[in-house]
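Close look at the chain arrangement
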Amino acid sequence: MARRIEHHTTSPHSAEKVFGAMVDETHLRDRLAAIGGSNAELVTFSSTGGKTTYQLKQGVPAEHLPSAVKAALGGDLVIQRTETWAAGAGTVEVAVGSVPGRLEGAFTVLDNGSGSKTTLTGEVRVGIPLLGGKLEKLIAEQVAVLLDKESEFTSEWLANRG
């Protein structure tokens, strides 16, 4: 069974500026340094012909995970996230450590009144009997928390750059 996810964040900045930050290597490195978790890094970054693709590695220490998740993982949670952006929209694929599952989705960044709205729609799927549904719910919740933090960071980052 898969869990559908739809999450919205807003920014006081235009969609053009938010999209610009999402494809800016300096922004990504700054964001990872500020909120990327343990052993965070920008693994790859490529931008050509209006298309930007990158892979991020982020970590969540085991002590911040529910006990059932800790037992299933046997340690820290390592998240590999690949995003591809072009023309104000993007796709995301997330693999979660040794867990047989993934999140796949799409982002849109659109002007919204005096600012913008970023939306992620996607699906979380974990193939572990009995525990899969709980992990899907946890991943969906943590993705929402992470997206909120990233949106906050991006708004501040853009404000500091005029």
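This report concerns the structure included in the present document.

Take the overall build of the protein chain next. Of the regular secondary structure elements, the protein chain holds 4 helices and 7 strands. Reading the protein chain from its N terminus to its C terminus gives the helix and strand order β-α-α-β-β-α-β-β-β-β-α. By the compact-globule yardstick of 15 Å for 162 residues, the protein chain fits well, its C-alpha radius of gyration being 16 Å. Along the first, second and third principal axes, the C-alpha set of the protein chain runs to 45 × 30 × 30 Å. Looking at the protein chain as a whole, 41% of its 162 residues qualify as buried. Within the protein chain, counting contacts between residues at least 6 apart in sequence, those at least 24 apart form 54% of the total. When the accessible surface of the protein chain is split by element, carbon and sulfur atoms take 53% of a total near 8500 Å². Side-chain charges in the protein chain split into 16 positive and 19 negative, and the spacing between the mean points of these groups amounts to 4 Å.

Further remarks concern the packing of helix α1 (residues 15–22) against helix α4 (residues 132–159). Angle between the axes and distance between the axes are the two parameters that describe a pair of packed helices. Running from amino to carboxyl end, α1 crosses α4 at an angle of 105 degrees, the nearest separation of the two axes being 10 Å. The orientation of α1 relative to α4 falls into the category roughly perpendicular. Along its contact with α1, which presents Lys17, Val18 and Ala21, the element α4 presents Thr154, Trp157 and Leu158. In terms of residue class, the contact of α1 with α4 is built from 4 nonpolar, 1 polar and 1 charged.

Here Val18 lies in helix α1. Judged by relative accessible area, which is 5%, Val18 ranks as buried. On a C-alpha basis, the gap between Val18 and Asp111 in space is 9.7 Å, while along the polypeptide they are 93 residues apart. Sequence-distant contacts of Val18, defined by excluding residues within four places in its chain, comprise Ser11, His13, Val109, Ser116, Thr118 and Leu158.

Between helix α2 (residues 25–35) and α4, whose axes approach to 10 Å, the crossing angle comes to 125 degrees. Between α2 and α4, the angle is such that the two are oblique. In the crossing of α2 with α4, the sense of the turn from one axis to the other is right-handed. Within the contact between the two elements, α2 uses Thr26, His27, Asp30, Arg31, Ala34 and Ile35 and α4 uses Leu146, Lys149, Glu150, Phe153, Thr154 and Trp157.

Attention now goes to the nonpolar core. Counting residues in each nonpolar core, the largest one holds 34 residues, and the members touching the most others are Ile5, Tyr54, Trp85, Leu103, Leu120, Val124 and Val143. At the level of secondary structure, the elements contributing two or more residues to this core comprise α1, α2, β3 (51–60), β4 (77–86), β5 (89–96), β6 (101–112), β7 (115–126) and α4. Of all the elements, α4 adds the most residues to this core, at 8 residues. When near neighbours in sequence (up to four residues on either side) are disregarded, Tyr54 contacts Met22, Leu28, Leu42, Thr44, Phe45, Arg81, Thr82, Glu83 and Trp85.

Residues Gly90, Val92, Val94 and Val96 line the buried face of β5, whereas the alternating positions Ala89, Thr91, Glu93 and Ala95 sit on a face that is not buried. Pairing between β4 and β5: 8 bridges, direction antiparallel. Within the sheet, the bridge partner assigned to Glu83 lies in β5 and is Val92. Between β4 and β5, which pair antiparallel and follow one another directly, the connecting turn spans 2 residues, one of which, Ala87, has a positive phi of 50 degrees. Linkage of β5 to β6, two consecutive antiparallel strands, is achieved through a turn of 4 residues, within which Gly97 is found at a positive phi near 45 degrees.

Reading the values: rules and limits
Residues numbered from 1 in each chain as written. Predicted model: local features only at pLDDT ≥ 70, side-chain atom pairs only at ≥ 80, totals over all residues. Heavy atoms only, no water. Helix = DSSP H or I, 4+ residues; strand = E, 2+ residues; numbered from the N terminus. Rg over C-alpha atoms; globule rule 2.2 N^0.38 Å. Buried < 20%, exposed > 50% of the residue type's maximum accessible area, 1.4 Å probe, protein only. Contact = heavy atoms within 4.5 Å. Areas by Shrake-Rupley, 256 points an atom, 1.4 Å probe, with all protein chains shown as cover. Lys, Arg positive; Asp, Glu negative; His and termini not counted. Charge placed at Lys NZ, Arg CZ, Asp CG, Glu CD. Axes fitted to C-alpha atoms, helices over the stretch in contact; angles between N-to-C directions. Parallel < 35°, antiparallel > 145°, perpendicular 65-115°, else oblique. Nonpolar A, V, L, I, M, F, W, Y, C, P; charged D, E, K, R; others polar. Left-handed = near helix turned anticlockwise from the far one by under 90°. Core = buried A, V, L, I, M, F, W, Y, C linked by side-chain atoms within 4.5 Å. Pairing = 2+ DSSP bridges.

Function cannot be inferred from these measures alone, as they are strictly geometric.
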